[in-house]
Amino acid sequence: MLTLTRLNAASDADFVALLDGTYEHSPWVAERAAAARPFATLAQLKLALARAVREASREEQLALIRAHPELAGKAMVAKSLTAESSKEQSKAGLTACTPEEFARIQQLNADYSARFGWPFILAVRGPRGQGWPRSEIIATLARRLAGPPAFERAECLRHIHRIAEIRLNDKFGASPALGEQVWDWAEALAVHSDPGFKERGELTVTYLTEAHRACAAQLQQWMLDDCGFDEVSLDAVGNVVGVYHGAEPNAKRLLTGSHYDTVRNGGKYDGRLGIFVPMACVRELRAQRRRLPFGIEVVGFAEEEGQRYKATFLGSGALIKQFDPRWLDQLDADGVSMADAMRAAGLPATLRAIASLQRDAAQYLGFVEVHIEQGPVLNEIDLPLGVVTSINGSLRYQCEIVGMASHAGTTPMDRRRDAAAAAAELILFVEKRAASVPDVVGTVGMLQVPAGSINVVPGRCLFSLDLRATTNAARDALDADVRAELAAICERRGLSFTLEQTMAADAAPSDPAWQARWEAAVRAQGLPVYRMPSGAGHDAMKLHEAMPQAMLFLRGANAGISHNPLESISADDAQLCVQAFQSLLHNLAEECRP
């Protein structure tokens, strides 16, 4: 097996020879990465190779893409693939295609090549390295055929890096066992889904449904039987709580975790990754019979997404005494109150029991959370990990503009009171205003013309507003400008409007000391520190109100898409995430020793 010691000591020519086959017919990638030696970790080597490609010219990148064979193409039939490509296509079962599958792939290959001018590239051994099912390969090829050329070129390069990563693992005999465990847990938990979604193969787990309760039971079982937590329980709001004691049972604890509920038709890693990663760390500590100077408390928060009831961050909010008593009377779409849902799940549904969940911040060192990025940034810069500097503050509104419905043919353009046109004008303002300031975003995600008709000037328009920024000041400045513009638009057009604020969340800047601990943990993996804000809300922003917090992001595949079935991670990235968490625990233990 190849070692980093041997690679670091090799001549430039031998360095390239030792990495032969990593990037298909493209030795120049290794030639350019050689200058970055010495490599302390395999992750550092992988990044250097990826950067050599990223810094190459467009023509060189296209040549690299074109050096790869088509999937189940002529080279496979003629048995002229490289040994590496032959192994990969065989492992994915492409050598065993049915005649119908083979014909479908050939047609898609031809269509793809005609559209883009290069072969379709897919890391067919998949995120765990065990091979994609042929049906999924065909579906992915069909989906990506519709992508824009610039995006698709970048996606091909990302898959080439994944192919290279797996080939390097083979060369070095590296196995991301901890990352595979995280990946396997995510797959196993995803078998539970709410009725109406499960039948379609979609993942939806909303608060206290049968699927939600099954997830809670499974997490408890894994924590006890697989990981060896000392205490595992289900609390009064459905949070799953696992405690691994420190060397002294009464020692302070590090609090961590994330949520296990999902959005409708969501992904397998949003929230859940932040439960599985510390679970893997505790499992390793238990296997080593090792205790730290502090305890570890992992919480699988029962609710964060606000899908069944309008009670976002219910699980983490309960830990800081922010459970709104009015939530118990809320009804879901079927008319079931939250209190009744709690009782049906075996929870007490009493304010006294819920109030008892409040944590004493003095008994905790702080809160850390691992989360999938849910965006494209890390993917675009070839980095598996990012350190969060702040969680955006946000404001949300339900809005209505009222004008006058009138005949589309007989109402002159200068006499219209068009509510939809006013909303469209505001949408463009929000886009322009938010884009003018770094780390500020504004979105109109819902837009409706009630009782609209093709031949009627819209008299009403309903829409949502989602305004976010890394600081409260930047958020509030955006809010003020948008509200002023809405008023001006409606005044000019002779319209009225209403705004109902549905959420207000303050920005949650990372605690400097805890952010620095995550940065040290990332450096320990041989990776550069990339600091980034979180545009999405997380449980950490609630715990921020009670104790210091900081977050670590993990790169998502498929251009970082999230809240979507395409949400994905690789076992290798998950391995780095677990290792970074282990490094944080080790360094914190050193800090805590007398």
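Here, every reference points to the structure presented above.
These figures come from a predicted structure and were not determined experimentally. (Residues numbered from 1 in each chain as written. Predicted model: local features only at pLDDT ≥ 70, side-chain atom pairs only at ≥ 80, totals over all residues. Heavy atoms only, no water.)

**Student:** Which residues make up the overall build of the protein chain, and what values go with them?
**Tutor:** Scanning the protein chain for helices and strands turns up 22 helices and 16 strands. A compact globule built from 594 residues should have a C-alpha radius of gyration of about 25 Å, and the protein chain, at 26 Å, falls within 12% of that. In terms of overall dimensions, the protein chain has C-alpha extents of about 75 × 70 × 45 Å along its principal axes. Here the protein chain holds 594 residues, and the buried ones make up 55% of them. Long-range pairs, those at least 24 residues apart, make up 77% of the contacts in the protein chain with a sequence separation of at least 6. (Helix = DSSP H or I, 4+ residues; strand = E, 2+ residues; numbered from the N terminus. Rg over C-alpha atoms; globule rule 2.2 N^0.38 Å. Buried < 20%, exposed > 50% of the residue type's maximum accessible area, 1.4 Å probe, protein only. Contact = heavy atoms within 4.5 Å.)

**Student:** Any chance you could break down the side chain of histidine 192 for me, citing the residues and the numbers?
**Tutor:** Relative to the helices and strands, histidine 192 resides in the loop between α11 (177-189) and α12 (210-227). Residue histidine 192 is classed as buried on the basis of its relative accessible area, which comes to 19%. Non-local contacts of histidine 192, meaning those with residues more than four positions away in its chain, are made with Leu203, Val205, Ala211, Ala214 and Cys215.

**Student:** Which residues make up the pairing of strand β7 (residues 393-402), and what are the values?
**Tutor:** Looking at chain direction, β7 and strand β12 (residues 460-469) are connected through 10 bridges and run antiparallel. Each residue of the ladder has a partner; that of leucine 395, found in β12, is leucine 467. For β7 and strand β13 (residues 496-505), the ladder comprises 9 bridges, and the chain directions are antiparallel. Bridging from a neighbouring strand, glutamine 398 pairs with glutamate 500 of β13. (Pairing = 2+ DSSP bridges.)

**Student:** Can you tell me about the nonpolar core, naming the residues and giving the values?
**Tutor:** Among the nonpolar cores identified, the biggest contains 109 residues, and Met279, Met338, Met342, Trp518 and Leu585 are the most heavily contacted of them. When residues of this core are assigned to their parent elements, the largest contribution, 10 residues, is made by helix α22 (residues 571-592). Beyond its immediate stretch of four places on either side in the chain, methionine 338 contacts Tyr207, Tyr309, Ala311, Leu314, Phe323, Trp327, Leu328 and Gln330. Of all hydrophobic cores here, the second largest spans 53 residues; its members include Phe120, Ile138, Leu157 and Ile160. (Core = buried A, V, L, I, M, F, W, Y, C linked by side-chain atoms within 4.5 Å.)

**Student:** How would you summarise the environment of isoleucine 296 if you had to cite specific residues and measurements?
**Tutor:** Relative to the elements of secondary structure, isoleucine 296 occurs in strand β4 (residues 295-301). The residues contacting isoleucine 296, other than those within four sequence positions of it, are Gly242, Val243, Tyr244, Leu254, Thr256, Val282, Leu285 and Leu585.

**Student:** So what's going on with the environment of aspartate 111? Which residues, and what values?
**Tutor:** Examined against the element boundaries, aspartate 111 turns out to sit in helix α8 (residues 99-116). Given the relative accessible area of 33%, aspartate 111 is considered partly exposed. Note: C-alpha distance between aspartate 111 and alanine 142 (31 residues apart in sequence) is 9.5 Å.

**Student:** Would you mind going over the packing of aromatic side chains in detail, with residue names and values included?
**Tutor:** If you walk through the whole model with that rule in mind, you get 10 aromatic pairs. Taking the centre distance of 6.0 Å and the plane angle of 35° together, the rings of tryptophan 185 and phenylalanine 276 count as tilted. Note that tryptophan 185 is positioned in helix α11 and phenylalanine 276 in helix α13 (residues 273-287), a separation of 91 residues in sequence. Pairwise contacts between aromatic rings join Tyr112, Phe116, Trp118 and Phe120 into one cluster. For the cation-ring pair, arginine 291 lies above tyrosine 244, with the distance from its terminal atom to the ring centre recorded as 4.2 Å. A cation sits over an aromatic face here: arginine 517 above tryptophan 514, 4.3 Å from the ring centre. (Phe/Tyr/Trp six-rings, centres within 6.5 Å; stacked < 30°, edge-to-face > 60°. Lys NZ or Arg CZ within 6 Å of the ring centre and 35° of its normal.)

**Student:** Go over the pattern of salt bridges, please, and point to the residues and values.
**Tutor:** Evaluated as defined, the whole model comprises 39 salt bridges. Across the salt bridge formed by aspartate 184 and arginine 128, the nearest N and O atoms sit 2.8 Å from each other. With a gap of 56 residues between them, aspartate 184 in helix α11 and arginine 128 in the loop between α8 and α9 (134-144) connect regions that are remote in the sequence. Two residues, arginine 475 and aspartate 506, come together in a salt bridge whose shortest N-O distance is 3.6 Å. Of this pair, arginine 475 sits in helix α19 (residues 472-493) while aspartate 506 sits in the loop between β13 and β14 (508-509), and the two are 31 residues apart along the sequence. Each of the salt bridges in this network shares a partner with another, and the network as a whole consists of Lys46, Arg162, Glu165 and Asp572. (Salt bridge = Lys/Arg side-chain N within 4 Å of Asp/Glu carboxyl O.)

**Student:** How would you summarise the environment of arginine 468 if you had to cite specific residues and measurements?
**Tutor:** Positionally, arginine 468 belongs in strand β12. A relative accessible area of 14% means that arginine 468 is categorised as buried. Sequence separation between arginine 468 and alanine 536 is 68 residues, and the spatial gap between their C-alpha atoms is 8.8 Å.

**Student:** Tell me about α13, and please be specific about residues and values.
**Tutor:** Over its 15 residues, α13 runs 21 Å from end to end, which matches the ideal 21 Å to within 8%, given 1.5 Å per residue. Of all 15 residues making up α13, 11 are buried, and the element is well covered by its neighbours. Listed in full, the buried residues belonging to α13 are Leu273, Gly274, Ile275, Phe276, Val277, Pro278, Met279, Ala280, Cys281, Val282 and Leu285. Phi turns positive, to about 50°, at arginine 289, one or two residues after α13. (Expected span 1.5 Å × (residues − 1).)

**Student:** Quick one: what's the story with the state of the cysteines, residue by residue and with numbers?
**Tutor:** On inspection of all chains with the given rule, the structure shows 0 disulfides. In this structure cysteine 227 is a free cysteine whose sulfur lies 10 Å from that of cysteine 281, the closest cysteine sulfur available. Its relative accessible area of 1% is what places cysteine 227 among the buried residues. You can see cysteine 592 has no disulfide; the closest cysteine sulfur is in cysteine 281, sitting 16 Å from it. Judged by its relative accessible area of 30%, cysteine 592 is partly exposed. (Disulfide = S-S within 2.5 Å.)

**Student:** Provide a residue-level description of helix α18 (residues 419-435), including the pertinent values.
**Tutor:** Compared with the 24 Å implied by 1.5 Å per residue over 17 residues, the 25 Å span of α18 between its first and last C-alpha is a close match. The N-cap of α18, judged by a side-chain oxygen 2.9 Å from the amide nitrogen of alanine 420 a few residues on, is aspartate 418. (Polar contact = N/O pair within 3.5 Å; in protein donor to acceptor, adjacent residues only side chain to side chain.)

**Student:** Give a description of the pairing of strand β2 (residues 240-244) that names residues and reports values.
**Tutor:** With 5 of 5 residues buried, β2 is to be regarded as a mostly interior element. Judged by which residues are buried, β2 turns out to be covered on both faces: Val240, Gly242 and Tyr244 on one side and Val241 and Val243 on the other are all buried. The pairing of strand β1 (residues 231-234) with β2 spans 4 bridges and is classified as antiparallel. In the strand pairing of β2, leucine 234 is matched with valine 240. Note: β2 against β4, 5 bridges, orientation antiparallel. Looking at the pairing, glycine 242 lines up with valine 298 of β4.

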